[in-house]
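# Structure at a glance
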Amino acid sequence: MIVSKAPLVLKLAGEHAVVYGRTAIACAIDRYVRATLRSRGDDKIVLKFRDLREEYRRERTSSFFRYVNECIRLIEEIHGEKLKGIEIELDIDKDVNPGAGLGTSAAACVATLAALCKYLNISDNIAELAYQVELRVQGRASRMDSYTSALGGITIVRRGTVERAHIDTSWLRIGIILLRKLRSTRELVKHVADLRSREPELIDEIFNLIERISLRILEALERRDVEKLGKLVTRCHWLLNMLEVVDYRSNRIVIELLNNTNVAGAKISGAGYGGAILFILRDNLDSLELKELEVIHNSNAFKILCPVRISDGGVEVLERGY
Ligand code: MEV
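Residues numbered from 1 in each chain as written. Predicted model: local features only at pLDDT ≥ 70, side-chain atom pairs only at ≥ 80, totals over all residues.

Turning to the overall build of the protein, a few remarks are in order. In terms of regular secondary structure, the protein is built from nine helices and twelve strands. The buried share of the protein, taken over its 322 residues, is 48%. Sequence-distant contacts, at least 24 apart, represent 73% of the contacts inside the protein between residues at least 6 apart. (Helix = DSSP H or I, 4+ residues; strand = E, 2+ residues; numbered from the N terminus. Buried ≥ 20, exposed ≤ 12 C-beta atoms within 10 Å, placed from the backbone. Contact = placed C-beta atoms within 7 Å.)

This part is about the site of the ligand. Near the ligand the following residues occur: Lys11, Glu15, His16, Val18, Val19, Gly101, Ser142, Met144, Thr185, Val189, Gly270 and Ala271. Taken together, the residues of the shell around the ligand break down into five nonpolar, five polar and two charged. Looking at which domains feed residues into the shell around the ligand, each of domain 1 (2–166 + 312–319) and domain 2 (174–308) gives three or more. (Near = placed C-beta within 6 Å. Nonpolar A, V, L, I, M, F, W, Y, C, P; charged D, E, K, R; others polar. Domains from an automatic or database assignment.)

Right, let's talk about the sheet that holds strand β9 (residues 263–269) for a bit. On the basis of which strands lie adjacent, the open sheet formed by four strands has the order β9-β10-β8-β11 and antiparallel pairing. In this open sheet, the two edge strands, each paired with only one partner strand, are β9 and β11 (303–308). Taken over all neighbouring pairs, the strand axes of this sheet differ in orientation by 15° on average, direction set aside. The pairing of strand β8 (residues 174–179) with strand β10 (residues 275–281) spans six bridges and is antiparallel. Across the sheet, the residue bridging to Ile174 is Ile280, located in β10. (Pairing = 2+ DSSP bridges. Axes fitted to C-alpha atoms, helices over the stretch in contact; angles between N-to-C directions.)

Geometric values such as these leave the question of function open.
What follows is the structure in structure tokens.
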């Protein structure tokens, strides 16, 4: 049996602007997608999604399954002979459901590919393969999620490349509130493209500001300046509002969070209109009593992850024998 786990991904700054070549900052978090691969007694690859309590065969095409299926197809294309006649069962288990804006699909691809490559004794660039899978399934993707999940830690995304920033973030405590997503990433990316075609100079200025914030976030992280970091992510949130990708619920939650004395800053993370909202906890605070927040009390939020830490490691493969 081979077990691999790939961290989920949070965006600290740079969403949308990154699509137009500006710098974005992402990080891997200590919530994971796990892939378990076992040998079977027949010639099938069977995929299981534990939390959905269903078993999918290769032919099935549920949206999350498509990513995992495409991973197998890609490996078949590149290393066909190695997959011939193999008998495995692949089980995918995740801390957070897909569509939350935490890069679940990318992490599932990274975990699946890492387990498969280990099983087949292939050494390949897992992050790049996962990116290629996302591209095939979605038609359009950035390397931000797949590379960050594979590499771990804090990453700097710039003009299609992703590099790791070597910053100690063991002091950092983040909270995440997950909201139902009301619009797809594809729609929101298109909305911003439409805005830009109408007002290119104005929108480019917003992208430039977002990029400057991304760079300052790196400085704040290096200096362990939680107050500065909080202010910067919050500014990024208001700039995302100027791109019209933030819904009313998210703004209400961000405002409530900012009124809490234990929160240094908050922003949406990802394309917008629901998904993840991150907040930075002030020094020496391990968690936050969120029940006191009225919006959350009114159960607009459907999941709270707190505290969340940066996962220093990226994808990991544990071999447990067959
Ligand atoms: C989505 O998480 C982030 C966007 O910038 C899209 C992308 O980078 O592919 C909106």
